[in-house]
Amino acid sequence: MMLPMSRSPLRATLAKDPREVAGMFDAVARRYDLSNDVMSLFQVHMWRSVTRAAVAAGPGMRVLDLAAGTGTSSVEYAADGAEVVACDFSTGMVAEGKRRHPEIAFVAGDATALPFADETFDVVTISYGLRNVQDTARALAEMHRVTVPGGRIVIAEFSTPASPLFRRLYRFYLGSALPAAARLVSSNTQAYDYLGESILAWPDQRELAGLMHEAGWRGVGYKNLSGGIVAVHRATRTARPAVEH
């Protein structure tokens, strides 16, 4: 029996079929970082700085950077002294990352079935990628599995502006201004149509915090950036109790 023809890899739907999502990011890998700069009005650099501080990578630490893309953040964690593994579902992103940063260990992997042993990493972090995963709860559980007891998770993701007025303006930007700007810098404007739709459909800050708690993470907290356009969530995997002798 013939399989149905898949959609164009230039566009994914909110069903987030892994093949569609991976194909879409494969298509934009080369100009992805430039597009991010322009689409975020260059705020992405501030967002990345806050996330880097939350990860607090250092010598002797193992950091898993999920949805690492071309390794822009991975390089920063390595510069802070950590041993970094950059993991992304898009083989196009992984290939581009290896080309740009051969010193970083890149791995192609699915966040819902991570190719790593239990309790491997001190910190697991994902920036602007959790929203693209088909099963958020399963991905959060997988991140918990590969984190050492006492280790941490840091999630940077688009979120919901706190101010109702700002929220309306932001929805206009996502629906109208973002696609127009995408035509200036990207060869794949359809990917940015998906971007806006996926942000609007994503859980807000409190909902995501609740999903993290359900996956086993504790001490969940978040910090709004740019009025809530982005939120950085942090939590810890509970440490094992000390054994008395």
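First, a word on scope: everything that follows refers to the structure included in this document. (Residues numbered from 1 in each chain as written. Predicted model: local features only at pLDDT ≥ 70, side-chain atom pairs only at ≥ 80, totals over all residues. Heavy atoms only, no water.)

Regarding the overall build of the protein
Okay, step 1: Looking only at helices and strands, the protein has nine helices and seven strands in total.
Okay, step 2: Residues classed as buried in the protein amount to 49% of the 245 residues present.
Okay, step 3: Put simply, of all contacts in the protein between residues at least 6 apart along the chain, 66% involve residues at least 24 apart.
Okay, step 4: Approximately 11800 Å² of the protein is accessible, and the part contributed by carbon and sulfur atoms is 57%. (Helix = DSSP H or I, 4+ residues; strand = E, 2+ residues; numbered from the N terminus. Buried < 20%, exposed > 50% of the residue type's maximum accessible area, 1.4 Å probe, protein only. Contact = heavy atoms within 4.5 Å. Areas by Shrake-Rupley, 256 points an atom, 1.4 Å probe, with all protein chains shown as cover.)

Focus on the sheet that holds strand E4 (residues 121-127)
Okay, step 1: One open sheet holds the seven strands; their spatial order is E3-E2-E1-E4-E5-E7-E6, and the pairing between them is mixed. With one partner strand each, in any of the chains shown, strand E3 (105-108) and strand E6 (218-225) form the two edges of the open sheet. Direction aside, neighbouring strands of the sheet carry axes that sit 20° apart on average.
Okay, step 2: Summarising the sheet, strand E1 (residues 62-66) and strand E2 (residues 83-88) pair through five bridges and their orientation is parallel. Counterpart to Arg62 in the pairing with E2 is Glu83. (Pairing = 2+ DSSP bridges. Axes fitted to C-alpha atoms, helices over the stretch in contact; angles between N-to-C directions.)

Focus on the packing of helix H3 (residues 44-55) against helix H4 (residues 72-79)
Okay, step 1: Across the interface, H3 lies against H4 with an axial gap of 11 Å and an inter-helix angle of 45°. The orientation of H3 relative to H4 falls into the category oblique. Crossing angle aside, the handedness with which H3 passes H4 is right-handed. Contacts between H3 and H4 involve Arg48, Thr51, Arg52 and Val55 from the first element and Thr72, Ser73, Glu76, Tyr77 and Ala79 from the second.
Okay, step 2: Across the contact of H3 with H4, the residue classes tally to three nonpolar, three polar and three charged. (Parallel < 35°, antiparallel > 145°, perpendicular 65-115°, else oblique. Left-handed = near helix turned anticlockwise from the far one by under 90°. Nonpolar A, V, L, I, M, F, W, Y, C, P; charged D, E, K, R; others polar.)

Focus: helix H9 (residues 205-214)
Note on helix geometry: an α-helix contains 3.6 residues per turn, so any two residues three or four positions apart are oriented the same way.
Okay, step 1: Those residues of H9 that fall on the buried side of the exposure criterion are Gln205, Leu208, Ala209 and Met212. An end-on view of H9 places all buried positions within 105° of arc, on one side of the element. Seen from the buried face of H9, the exposed residues on the opposite side, beyond 90 degrees, are Arg206 and Glu214.
Okay, step 2: Looking at the buried side of H9, the elements it contacts are helix H6 (136-146), strand E5 (147-158), E6 and strand E7 (230-236).
Okay, step 3: Two residues or fewer after H9 comes Gly216, characterised by a positive phi angle close to 110°. (Arc of directions from axis to C-beta.)

Some details on the pairing of E6
Okay, step 1: In terms of strand pairing, E6 meets E7 through six bridges, oriented antiparallel. When the sheet's bridge partners are listed, Asn224 is paired in E7 with Ala231.
Okay, step 2: Between E6 and the antiparallel strand that follows it, E7, lie four residues; Ser226 among them carries a positive phi value of about 50°.

Points about the packing of aromatic side chains
Okay, step 1: Per the stated rule, a full pass over the model turns up four aromatic pairs.
Okay, step 2: Aromatic pair Trp47 and Tyr128: ring centres 6.2 Å apart, planes at 45°, arrangement tilted. Of this pair, Trp47 sits in helix H3 while Tyr128 sits in the loop between E4 and H6; the two residues are 81 residues apart in sequence, bridging distant segments of the chain. The burial state of Trp47 is the same as that of Tyr128; both residues are buried.
Okay, step 3: Consider the rings of Tyr128 and Phe158, whose centres lie 5.1 Å apart with planes at 45°: the pair is tilted. Within this pair, whereas Tyr128 is found in the loop between E4 and H6, its partner Phe158 is found in strand E5, the two being separated by 30 residues in sequence. The pair Tyr128 / Phe158 is uniform in exposure class, with both members buried.
Okay, step 4: What links up through ring pairs into an aromatic cluster is the set Trp47, Tyr128 and Phe158. (Phe/Tyr/Trp six-rings, centres within 6.5 Å; stacked < 30°, edge-to-face > 60°.)

Topic: helix H5 (residues 91-100)
Okay, step 1: Residues of H5 that are buried include every one of Met93, Val94, Glu96 and Gly97, and no others. The buried residues of H5 occupy an angular sector of 165° when the element is viewed end-on, so they sit on one face.

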